[in-house]
Amino acid sequence: MSSIIKVEKLSKTFESKERKKGQRRKLKTVQALKDVSFEIDENEIFGLLGPNGAGKTTLIKCLTTLLLPSSGKAWVNGYSVLDEEDSVRASIGCMLMGDRGLYWKLTGRENLDYFGALYHVPKAVRRDRIDKLADLLHVKDFIDRTVETYSSGQKMLVAFAKSLINDAPILILDEPTVTLDVPTARELRTIVKELNESGKAILYTTHLMHEAEELCNRVAIMDHGEIIALGTPSELKTSLALDDTLDLDGVFPAKAVEAVRAVGGVTQVAMKSKNGGKTSLSIISRSGGTILPQIIEALTHNGATIEQLRPKTATLEDVFIAKTGRTLDVDTRQIVVQRGESGGGP
Amino acid sequence: MHTFLDMSWKTILEYSRYPVAFIAMFAQIFLIVFMFIFATMAFRAPGEGLSNQSTFAGVMIYGTVTNLLLSFTLWDVGFSIREEQVRGTLESLYLSPARKFANLVSRVFVVLLWTGVMCVFAVLVVAAVVGGLPFDNALLATVVLGFSISGFLGIGFIFAGLTIKLKESAQLLVNGVQFFFMIFSAQFFPFAALRSISPAIVDYVSAWLPVSYCVDAFRSLLVGLPAGYPELAPLSVEIPIVVVFGIVSPIVGYLIYKRAERSARRQGNLGEY
Amino acid sequence: MEGHSHGFGLASPSWRANLDVVVTVLIARLKVISRYKGSLVMEMFLPVVFAAMPILLGVAVGGANAGQYFQANTGTSNFKLYMLIGACTFSVVSIMLWLVGYWIRREQETGTLESIYLAPARQVYVLTGVTIYSLLRALLAFLVSLVIGSIVFGVNLLEGNVLGAIGILMLGLLPLWGLSMLFGAFIMRVKEANSVINVMTWVVSFLMGVFFPIAMFPPLLQWVAAIFPPTIMNDAMRASMLNLSTFFGSWYISLAVMFAAALTVPLVGYGVFTFTGRSVRRKEGVGQY
């Protein structure tokens, strides 16, 4: 199968002014992408997984020509993103994260007609296609109302329809289910699968690992502007085969967590806060079954209360934790303890 | 008080991060003043210099001061609610335990501070061009201005309430009201000019607007009460009108604002824009 | 989904497809403004309100001799029509600057700019649609305000050469479009666009001599104002409708300057605008607001 998207050492650096109290403003350089390289095959759903700030949206913007990269190259449908921008744009349908790209005072139908014209879709074809999209996405009830009357979920559905209006061979979806309720999100994922089966290549970004596992043929995990792991979901999870994951719910004082860290064989420890002041501890270790008694002893002798204990099969989030020592949740909710000598490496 | 200081500081901090806006507003005042000065020059008798026009210039610029105060009150107090709606921060503001009145009052404080500086600047520019302006009865004029500002704030509060209801139409209304007062409260020219066009406009429209008395009393006092000034009514009538306006307007304005806010919360459309 | 008109090939659209872009953009904008009727109405009355202020100011200064004094300073006693023409011309300038110069910013604010850039439609055709829309709005506002103002102030529009004035207006729109592009490029760079626009609006009205002849300026400022295309346009329109001489003295010179501006300013403006757009895309991406 040939590559429909090819990225070669793509980098992007931003400059911004940092303002700290009592200090002069300093110029700060942020490297949002660092030498990213990968290929996406035709008829593939390729997932881009990573926490907020990993560089997923920056990468998407470079591939869709909204942002010019600082260095490196990329080709979309065989066209260079640097030199053949119009052809790249004609080859993709795109839905950006938190897409607000609709005119409030136009109806959903009028918006789709407008953007269809910008994609040079002939008028008669547009009309037909809008009707079909309205059926497909179940937006017929509100498509003829102005967008200002829509809920956020309805706006997202019309924005999704907008990405399909030009029937492009490549679909780029940046966190498309972020404001949808569970049933609608599930329905959208079904539609994404059907679109892939009809012949479209799809680049799908998400920070929800269950979405990536459900939809994607292959997944690239990004962190701090780099791809830290790439493969099929099962390949990535198998890479942790030597490692076991143990999830515990309860209350874990800092010294208990330190004590677990010190147990031989434990490779990563990550803590997530939950409602009601409780926490969940993920412990990745080699042959966790043998060292389980030591883990429990380390916890209980240091004041921890274990309410539930669940050994589990590895998930993509575990792969992320193994690589980075952090969870996919937003940073402010993390409480992380790493083993210095083995934390973070691929 | 703590909330008031916090919110005032937040507003000042916001303004300070827009230096271009800062400078632009000064430049705007400068240009508006000069435009009207040049327009006036086109009507002066041949050989007549600007220095003979200090009374007229005083009438014009002191009236402009009331226009600036009213405009900024309408926009920065009345319309600020709309800005919060559009930015999506209004609901967050309402979710906080901070008192809403403190929120409004803090805006007022910063707006007045800022507008006051610009008014002084505008007066100095005109004084420089015409070679000096009359500045009599300063204390009484300040008292009149104080009650006038209080009355304008009441109008601002009414608009804040209307904005919650009208949403994007509010901008249109604010524009319309601004222009209405510009013309019918004769903020840039004497009422005599309006009367020469149509006495009925002055008698049946201008004379029924409290803002007209604020404008007339304030500038008449500062230009030294020459013959024909104040133009609408004797000072002994105008000052009580201004005082009553200054006391009643903010109370009524705030009640209307609270009512609109309560209604929006009942209907659940506080955050809608 | 049928397989018709895939993305491939639509990067090289025919002239029909490009025309379709222009027409669709125009119609969409007309639909949007038709849903803001109040704004349209306000646009018609605003020039009349603006003209009223210097008129009333003039009456206050000159009293019964206002017309006479005005004639001594400007060459015409018809100060009401003089102010009305200035205010209406200024409204055209203001509408063009706002609608054309600010269109990128407005698309950023509404979040639709990225969607526009994602499409293969060339920006020049989208811009053409926006420009035609702006022209229609500007001309409508100009004509309607002129008529309303003539009724309110009791002036006879047909006294002078109205068709000549409209011809001058049409010629003046070209350099005005170019200025709007320069304006737009500036706005893309500056984050605090609204305050800049507000002051630019007053700078423009000041330099145009909306309410007074620019001959009243100090000499250096006179020449700065005189090479500003909207000033020449305003001056020539007033000369046409009030039988005045132009700032340059002779008709031919005014027309020649206007033609030169019509040829050069749009090209310079568009060049700067597209260069700035590319630079912004390189640094921060188009969606940043």
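Thresholds applied
- Residues numbered from 1 in each chain as written.
- Chains lettered and ligands numbered in written order.
- Predicted model: local features only at pLDDT ≥ 70, side-chain atom pairs only at ≥ 80, totals over all residues.
- Helix = DSSP H or I, 4+ residues; strand = E, 2+ residues; numbered from the N terminus.
- Buried ≥ 20, exposed ≤ 12 C-beta atoms within 10 Å, placed from the backbone.
- Contact = placed C-beta atoms within 7 Å.
- Rg over C-alpha atoms; globule rule 2.2 N^0.38 Å.
- Pairing = 2+ DSSP bridges.
- Axes fitted to C-alpha atoms, helices over the stretch in contact; angles between N-to-C directions.
- Nonpolar A, V, L, I, M, F, W, Y, C, P; charged D, E, K, R; others polar.
- pLDDT = per-residue confidence, 0-100.
- Expected span 1.5 Å × (residues − 1).
- Core = buried A, V, L, I, M, F, W, Y, C linked by C-beta atoms within 7 Å.
- Domains from an automatic or database assignment.
- Left-handed = near helix turned anticlockwise from the far one by under 90°.
- Right-handed = clockwise from strand over helix to strand, strands pointing away.
- Parallel < 35°, antiparallel > 145°, perpendicular 65-115°, else oblique.

1. Looking at the overall build of chain B
Right, so step 1: Per the secondary structure count, chain B includes twelve helices and zero strands.
Right, so step 2: Seen in sequence order, chain B has helices and strands lined up from the N terminus as α-α-α-α-α-α-α-α-α-α-α-α.
Right, so step 3: Counting only residues that meet the buried cut, chain B has 42% of its 273 residues in that class.
Right, so step 4: Counting only contacts in chain B whose residues sit at least 6 apart along the sequence, the fraction spanning at least 24 positions is 84%.

2. Focus: the overall build of chain C
Right, so step 1: From N to C terminus, chain C includes twelve helices and zero strands.
Right, so step 2: Starting at the N terminus and ending at the C terminus, chain C contains elements arranged as α-α-α-α-α-α-α-α-α-α-α-α.
Right, so step 3: For a compact globule of 289 residues, the expected C-alpha radius of gyration is about 19 Å, and chain C comes in at 21 Å, within 12% of that figure.
Right, so step 4: Summarising its shape, the C-alpha atoms of chain C cover approximately 75 × 40 × 35 Å along the three principal directions.
Right, so step 5: Relative to its 289 residues, chain C shows a buried fraction of 50%.
Right, so step 6: By sequence separation, contacts in chain C at least 24 residues apart represent 79% of the contacts at least 6 residues apart.

3. Digging into the sheet that holds strand β6 (residues 92-95) of chain A
Residues and elements named next belong to chain A.
Right, so step 1: Pairing is mixed across the open sheet formed by six strands, whose spatial order is β6-β7-β8-β3-β9-β10. The open sheet has two edge strands with one neighbour each: β6 and β10 (226-231). On average, adjacent strands in this sheet sit at an angle of 15° to one another, irrespective of strand direction.
Right, so step 2: Of the strand pairs in this sheet, strand β3 (residues 45-49) and strand β8 (residues 201-206) are connected by five bridges, and their pairing is parallel. Bridge pairing in β8 links Leu 48 to Thr 205.
Right, so step 3: Along the sheet, helix α6 (residues 182-197) contacts β3, β7 (170-174) and β8; its crossing angle with β8, the most-contacted strand, is approximately 155°.
Right, so step 4: Along the sheet, helix α11 (residues 316-324) contacts β3, β9 (218-223) and β10; its crossing angle with β9, the most-contacted strand, is approximately 40°.

4. What about helix α3 (residues 108-118) of chain A?
Right, so step 1: Burial of α3(A) is extensive: eleven of the eleven residues sit out of reach of the surface.
Right, so step 2: Close packing links the buried residues of α3(A) with α4 (123-136) and α5 (152-164) of chain A together with α1 (15-34) and α6 (113-118) of chain C.
Right, so step 3: Downstream of α3(A) by one or two residues, A:His120 has phi in the positive range, about 60°.

5. As for the interface of chain C and chain B
Right, so step 1: Counting residues at the interface gives 33 residues for chain C, matched by 36 residues for chain B.
Right, so step 2: Taken together, the elements giving at least two residues each to the side of chain C that touches chain B come down to α2 (37-62), α3 (66-74) and α9 (193-208) of chain C.
Right, so step 3: Residue composition of the side of chain C that touches chain B, by class: 23 nonpolar, nine polar and one charged.

6. Section: the confidence of the model for chain C
Residues and elements named next belong to chain C.
Right, so step 1: Averaged over every residue, the pLDDT of chain C is 86; the share at 70 or more is 93%.
Right, so step 2: In the predicted structure, residues 1-9 sits below a pLDDT of 50 and forms 21 contacts with residues beyond four places in sequence or in another chain.
Right, so step 3: Across the interfaces of the predicted complex, the ipTM metric reaches 0.81, alongside a pTM of 0.79.

7. Examining the interface of chain A and chain C
Right, so step 1: Listed by partner, the interface residues are 39 residues for chain A and 34 residues for chain C.
Right, so step 2: Those elements that provide at least two residues to the side of chain A that touches chain C are α2 (85-91), β6, α3 and α4 of chain A.
Right, so step 3: A breakdown of the residues in the side of chain A that touches chain C according to their chemical character gives 21 nonpolar, seven polar and eleven charged.

8. Section: helix α4 (residues 79-101) of chain C
Right, so step 1: Counted at 1.5 Å a residue, the expected span for α4(C) with its 23 residues is 33 Å, and the 32 Å between its end C-alpha atoms agrees.
Right, so step 2: For α4(C), the buried fraction is high: 23 of the 23 residues fall into the buried class.

9. Some remarks on the nonpolar core
Right, so step 1: One finds A:Ile202, A:Val260, C:Leu56, C:Leu57 and C:Met96 to be the most contacted residues of the largest nonpolar core, which totals 259 residues.
Right, so step 2: When residues of this core are assigned to their parent elements, the largest contribution, 17 residues, is made by α4(C).
Right, so step 3: Formed jointly, this core draws a minimum of three residues from each of two domains, domain 1 (3-236) and domain 2 (242-338) of chain A.

10. So, the packing of α4(C) against helix α11 (residues 229-242) of chain C
Residue and element names in this part refer to chain C.
Right, so step 1: Running from N to C, α4 and α11 cross one another at 145°; their axes reach a closest spacing of 10 Å. Pair α4 / α11 crosses with right-handed handedness. Listed contacts from α11 to Leu 81, Tyr 82, Ile 85, Gly 86, Thr 89 and Val 93 of α4 are Pro 230, Met 233, Asn 234, Met 237, Arg 238, Met 241 and Leu 242.
Right, so step 2: Across the contact of α4 with α11, the residue classes break down as nine nonpolar, three polar and one charged.

11. A short note on the pairing of β7(A)
All names here are of chain A.
Right, so step 1: With five of five residues buried, β7 lies mostly within the body of the structure.
Right, so step 2: Side-chain alternation along β7 places Ile 170, Ile 172 and Asp 174 on one buried face and Leu 171 and Leu 173 on a second face that is also buried.
Right, so step 3: One ladder, built from four bridges, connects β6 with β7; its direction is parallel. Looking across to β7, one finds that Met 95 is bridged to Leu 173.
Right, so step 4: As defined by bridge partners, β7 adjoins β8 across five bridges and the pair is classed as parallel. Each residue of the ladder has a partner; that of Leu 173, found in β8, is Tyr 204.
Right, so step 5: Crossover handedness for the path β7 to α6 to β8: right-handed.

12. Considerations on the confidence of the model for chain B
Right, so step 1: The predicted model of chain B has a mean per-residue pLDDT of 81, with 77% of residues at 70 or higher.
Right, so step 2: Ranking the elements of chain B by mean pLDDT puts helix α5 (residues 90-95) of chain B last, at 52, and helix α11 (residues 210-222) of chain B first, at 96.

13. Comments concerning the environment of B:Arg219
Residue and element names in this part refer to chain B.
Right, so step 1: Mapping Arg 219 onto the fold places it in helix α11.
Right, so step 2: Residue Arg 219 is classed as buried on the basis of its 27 C-beta neighbours within 10 Å.
Right, so step 3: Separated by 83 residues in the primary sequence, Arg 219 and Asp 136 place their C-alpha atoms 9.7 Å from one another.
Right, so step 4: In this view, Arg 219 contacts Gly 58, Val 59, Tyr 62 and Gly 63; residues no more than four positions away in its chain are not counted.

14. As for the pairing of β3(A)
Consecutive side chains of a regular strand alternate in pointing toward one face of the sheet and then the other.
All names here are of chain A.
Right, so step 1: Across the five residues that make up β3, a large majority, five, are buried.
Right, so step 2: Inspection of the sheet shows β3 paired to β9 by four bridges, in the parallel sense. When the bridges of β9 are listed, Phe 46 appears paired with Arg 218.

15. Points about unusual backbone geometry
Right, so step 1: Looking along the chain, the bond that leaves B:Tyr229 and enters B:Pro230 is cis, with omega of -5°.
Right, so step 2: When you line up the elements, B:Pro230 lands in the loop between α11 and α12 (235-267).
Right, so step 3: Its identity as a non-glycine residue notwithstanding, A:Glu175 has a phi of 50°, on the positive side.
Right, so step 4: Tracing the backbone shows A:Glu175 in the loop between β7 and α6.
Right, so step 5: With phi around 50°, A:His224 is a residue other than glycine that occupies positive phi space.
Right, so step 6: Structurally, A:His224 can be placed in the loop between β9 and β10.
Right, so step 7: A:His224 sits in the partly exposed class, given 15 other C-beta atoms within 10 Å.

16. Comments concerning the environment of B:Ser206
Right, so step 1: Structurally, B:Ser206 can be placed in the loop between α10 (199-204) and α11.
Right, so step 2: Looking at B:Ser206, the number of C-beta atoms within 10 Å reads 24, which means it is buried.

17. Considerations on the packing of helix α3 (residues 54-78) of chain B against α11(B)
Each pair of packed helices can be summarised by the angle the axes make with each other and by the distance between the axes.
Residues and elements named next belong to chain B.
Right, so step 1: Where α3 contacts α11, the two axes come as close as 9 Å, and the packing angle between them is 140°. In this view, α3 runs oblique relative to α11, as classed from their interaxial angle. Handedness of the crossing formed by α3 with α11: right-handed. For the pair α3 and α11, the contacting residues are Gly 58, Val 59, Tyr 62, Gly 63, Thr 66 and Leu 70 in the first and Val 211, Cys 214, Val 215, Phe 218, Arg 219 and Leu 222 in the second.

18. Thoughts on the environment of C:Asn234
Residue and element names in this part refer to chain C.
Right, so step 1: Position of Asn 234 among the secondary structure elements: in helix α11.
Right, so step 2: A residue is classified by how many C-beta atoms lie within 10 Å of it, and Asn 234, with 29 of them, is buried.
Right, so step 3: In the structure, Asn 234 is positioned 207 residues away from Ile 27 in sequence and 30 Å away in space, judged by C-alpha atoms.
Right, so step 4: When sequence neighbours within four positions are dropped, the list of residues in contact with Asn 234 reads Gly 86, Thr 89, Met 208, Gly 209 and Val 210.

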